[in-house]
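Structural description and commentary
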Amino acid sequence: MADTTMTTADGIPLKVSLRKALMRQKLRALFLVAPLFFFLFITFVLPILDMLFRSVDNSIVSDILPRTVMVLEEWDPDSAALPPEAAFEAMVKDIQDGYEEKTIGRVGRRLNFENPGMSSLFRKSGRRTKSIEEAPYKDALIAIDDKWGEPETWRVIKKLSPTITASYFLQAMDLQETVDGDITWQPDDYRVYLNLFWRTLVMSGIITGLTIILGYPVAYLLATLPLRTSNLLMILVLLPFWTSLLVRTTSWIALLQTQGILNDLFVFLGLVDDDNRLQMIHNQFGTIVAMTHILLPFMILPLYSVMKTIPPSYMRAARSMGANPALAFVRVYMPNTVSGVGAGSILVFILAIGYYITPALVGGRTGTFISNYIATYISGAAQNWGLAAALGIILLALVLVLYLLYDKIVGIDNMKLG
Amino acid sequence: MSLPAYAGPGETIWYYTYRGICALIFTFLIVPIFVIIPLSFNAEPYFTFTPEMLSFDPAGYSLKWYEEFFTDSSWRNAVINSFVIAVCATLISTTLGTIAALGLSQSAMPFRTAVMAMMISPMIVPLIISAAGMYFFYTRIGLGSTHLGVILAHAALGTPFVVITVTATMVGFDRSLIRASNNLGADGVTTFFKVIVPLILPGVISGGLLPSSRLSMRSLWCCSSGRLSSGPFRGRCSLESVRKSDRPSWLLLPFWSASQSAC
């Protein structure tokens, strides 16, 4: 019986040879992608993971006050009594070491997030514990500051002893953990972040809606005009798209401010009185206008690319079957553009909720976004990297959910720019 | 889309109204770009049109901000920094991005969607989050406050633009050209430089230029995360001045806008 297996010229069965070739192709593709993959992994993914870690990291207390943390393990924080003399001794030694290495201020700042006053307590004690050399440590510490004689101080230290904490995340969601371990809402005066997240989402929604309203007619015009004219008009869309964000935000300041061009124009036309010029910037209005302008191209471009693929004969067919122009547009044309509207909206919404620069410059007090708070906690006066990281991670989670949605609806491969 | 011959009066009115609406939206898009240019010739250190400017009085106009820009060393430093960082970051992101896009556009590429998602994520992740993460991490590994750190960060943030445009270009690429080239005896490297690169060059260039023209935007994160850049950046410098509004040289933003539109 003759061998029916097909072979290549070398005598290798064809199937094996094909599989080998396919494997080689796969490897080559992976090999091409690998450099960028590793580059991005190190320069981009690791930093984000690092931030994730930072949002739960709490090793600072157990690193700088190791002896105290160990002794406090035995102490029951629910008791009204102070911890034993050993804890005071450990604390004095820890503070002395920390003062020498100049790390004591950091632990004070960390404890201060939970209990205001701790920072100054540690600063003060850092200087004065130098002279304490022998027992009784308890009396010596209390002599420096009465706060050492309050069980509350020790409870805070014990509460922050574990190296992993959820407190930043709780704080970012306006929650707090009481000493008993219950999770409750923050007092009303301290609740800011949920409102801020809500405001960021609402304003991004408004901006997305405005870009749909403004972008749809323009995209339709561009898609239906002859190519030569539409290419010319396309420049009007692409020019803002290519211009720096900062320049565009600045021009909006020039246009909208109280002594700005629009107000000048209104006064000149007699629409408003010179004495009560409109306040159009450093509030939500300014942020929404400027961001709508900046994000509009991100709506027009995907809409345009979808509308370009709809044959004009559809509309003609609808008309010839008796639909009036409006009905033909609503019943035939618009359903065909839904995917474009979806793509544009998600893209604009994703970009909007993470916006930083424009709200920072024109947002004033009422138009700031969650990103601006994150920035304040990184470099501003109220440094709190853990909280900044926790807020960032929550924002990131929101964005990633939308990103997945975008992938489901449009497909990431189909993303186009201009 | 021209008005069809069978259009009724209602349709004709709507046709012109619609054109009018579109004209208004285009005005909204383009006016802020141009309004800033004449302001760079303002003689006063304010960001408004003075009465002299409106009456076209020569006294209201001046080139002094340009003079300051070209003579002040801090501006010069900022421009040099911007330029060096933009060129280096663009080179890195364009090279790596183009090679990766070649791999991504092959039909045999495994896990394409997942890898693509990861490579586009720098564009999707909010700037402030990338900035914060990079600031923490680069400080930890000793890259904080160095040019190298800023370059790497910009390169990472620029790659999605390259990957997207080059992958889009590769969709229309005729793969039989590669086979033809191989058939004629060229090896992989020769094929790449003699056949593939000349054909995809437009996509590569536009992908590489897009992020670098937006350098100013992204240099912002250095500002947001504080002390990362070792010298004042153009973007950083100007943002700070806009914030403080006490240094009149931020009026130079218009100049820079003009230079960008000219490019």
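Counting its secondary structure elements, chain B contains 14 helices and 0 strands. In chain B, the succession of α and β elements from N to C terminus is α-α-α-α-α-α-α-α-α-α-α-α-α-α. Counted over contacts in chain B with a minimum sequence separation of 6, partners at least 24 positions apart contribute 70%.

Quick look at the overall build of chain A now. Helix and strand counts for chain A stand at 19 helices and 2 strands. In terms of overall dimensions, chain A is more spread out than a globule: its C-alpha atoms have a radius of gyration of 31 Å, far above the 22 Å expected for 418 residues. By its C-alpha atoms, chain A is 100 × 100 × 35 Å across when sized along the principal axes. Taking all 418 residues of chain A together, 39% fall into the buried category. For chain A, restricting intrachain contacts to residue pairs at least 6 apart in sequence, the fraction spanning at least 24 positions comes to 67%.

Judged by nonpolar contacts, the single largest core of 126 residues is most densely connected at Leu 295, Ile 374 and Leu 391 of chain A together with Ala 132 of chain B. Ranked by residues supplied to this core, first place goes to helix 14 (residues 284-307) of chain A with 14 residues. Residues lining this core come from more than one domain, with at least three contributed by each of domain 1 (10-57) and domain 3 (193-414) of chain A. Leave out the neighbours within four places in its chain, and Leu 391 of chain A touches Ala 172, Tyr 193, Ile 370, Tyr 373 and Ile 374 of chain A.

This part is about the packing of helix 5 (residues 104-114) of chain A against helix 6 (residues 118-128) of chain A. Each packed pair of helices is defined by two parameters, the angle between the axes and the distance between the axes. Residues and elements named next belong to chain A. Running from N to C, helix 5 and helix 6 cross one another at 155°; their axes reach a closest spacing of 7 Å. Relative to helix 6, helix 5 is oriented roughly antiparallel. The two elements helix 5 and helix 6 meet at a crossing, and its hand is right-handed. Where helix 5 abuts helix 6, its residues Ile 104, Gly 105, Val 107, Gly 108, Arg 109, Leu 111 and Asn 112 lie against Met 118, Ser 119, Leu 121, Phe 122, Arg 123 and Gly 126.

Outside of glycine, negative phi angles account for most residues, and trans bonds account for most peptide bonds. Positive phi, normally seen in glycine, also occurs at Asp 174 of chain A, with a value near 60°. Among the structural elements, Asp 174 of chain A can be located in the loop between helix 9 (167-172) and strand 1 (175-177).

This part covers the domain arrangement of chain A. All names here are of chain A. Looking at the assigned domains, one finds that chain A contains domain 1 (10-57), domain 2 (60-163) and domain 3 (193-414). For domain 1 versus domain 3, the separation of C-alpha centres amounts to 35 Å. Of the residues lining the interface, 5 residues belong to domain 1; the matching set on domain 3 comes to 6 residues. Classifying every residue of the side of domain 1 that touches domain 3 by side-chain character gives 2 nonpolar, 1 polar and 2 charged.

We now examine the environment of Ile 310 of chain A. All names here are of chain A. Within the element layout of this structure, Ile 310 appears in the loop between helix 14 and helix 15 (313-320). For Ile 310, a count of 17 C-beta atoms within 10 Å corresponds to the partly exposed category. Once residues lying within four places of it in the same chain are set aside, the contact partners of Ile 310 are Tyr 333 and Asn 336.

Facing the 75 residues of chain A at the interface are 77 residues of chain B. Taken together, the residues of the side of chain A that touches chain B sort by class into 53 nonpolar, 14 polar and 8 charged.

A separate point is the confidence of the model for chain B. As a general rule, the predicted coordinates of low-pLDDT regions are not to be interpreted in detail. Residue and element names in this part refer to chain B. Averaged over all residues, the pLDDT of chain B equals 74, while 77% of them reach at least 70. Least confident of the elements in chain B is helix 12 (residues 220-224), whose mean pLDDT is 36; most confident is helix 1 (residues 9-34), at 90. Counting interchain partners and residues more than four positions distant, the pLDDT-below-50 stretch residues 215-263 has 121 contacts. Here the prediction assigns the complex a pTM of 0.78, and the interface score ipTM is 0.76.

What follows covers the confidence of the model for chain A. For chain A, the average pLDDT comes to 83, and 96% of its residues sit at 70 or higher. Per-element confidence in chain A is highest for helix 10 (residues 193-224) of chain A, whose mean pLDDT is 93, and lowest for helix 7 (residues 137-144) of chain A, whose mean pLDDT is 76.

Residues and elements named next belong to chain A. The end-to-end C-alpha distance of helix 4 (residues 85-100), which contains 16 residues, comes to 23 Å, matching closely the 22 Å that a straight helix rising 1.5 Å per residue would cover. Looking at helix 4, one finds that the buried residues are Ala 87, Phe 88, Glu 89, Ala 90, Met 91, Val 92, Asp 94, Ile 95 and Gly 98. Contact partners of the buried residues in helix 4: helix 2 (59-64), helix 3 (66-72), helix 5, helix 6 and helix 7. Following helix 4 by one or two positions, Lys 102 adopts a phi angle in the positive range, close to 60°.

Okay, the environment of Ile 212 of chain A next. All names here are of chain A. Following the sequence through the fold, Ile 212 ends up in helix 10. For Ile 212 and Lys 408, which are 196 residues apart along the polypeptide, the C-alpha to C-alpha distance reads 20 Å. Those residues in contact with Ile 212, other than ones at most four positions away along the chain, are Met 299, Val 341 and Ser 345.

About the thresholds
Starting afresh in each chain, residues are numbered from 1 along the sequence in its written order. The lettering of chains begins at A and the numbering of ligands begins at 1, in the order of writing. Residues qualify for local features only when their pLDDT is at least 70, as the model is predicted, and side-chain atom pairs are given and counted only at 80 or more; totals for whole chains, interfaces and linings, by contrast, use all residues. Helix and strand definitions follow DSSP, with helices as H or I runs of at least four residues and strands as E runs of at least two, each counted in order from the N terminus. In this description, any two residues whose backbone-derived C-beta atoms lie within 7 Å of each other are considered to be in contact. For this measure, only C-alpha atoms enter the radius of gyration; the expected value for a globule follows 2.2 Å times N^0.38, where N is the number of residues. Exposure classes come from backbone-placed C-beta atoms, where a residue is buried if 20 or more other C-beta atoms lie within 10 Å of its own, exposed if 12 or fewer do, and partly exposed in between. To form a nonpolar core, buried Ala, Val, Leu, Ile, Met, Phe, Trp, Tyr and Cys residues must be joined through C-beta atoms within 7 Å. Domain ranges listed in this record stem from an automatic or a database domain assignment. Note on method: axes are straight lines fitted to C-alpha atoms, helices fitted across the in-contact stretch only, with angles between N-to-C directions ranging 0 to 180 degrees. An angle below 35 degrees is read as roughly parallel, one above 145 as roughly antiparallel, one from 65 to 115 as roughly perpendicular, and any other as oblique. Two helices that cross are described as forming a left-handed crossing if the nearer one is turned anticlockwise from the farther one by less than a right angle, and a right-handed crossing if clockwise. Classification used: nonpolar for Ala, Val, Leu, Ile, Met, Phe, Trp, Tyr, Cys and Pro, charged for Asp, Glu, Lys and Arg, polar for all others including Gly. Confidence of the predictor at the level of single residues is given by pLDDT, which spans 0 to 100. One less than the residue count of a helix, multiplied by 1.5 Å, gives the span that helix is expected to have.

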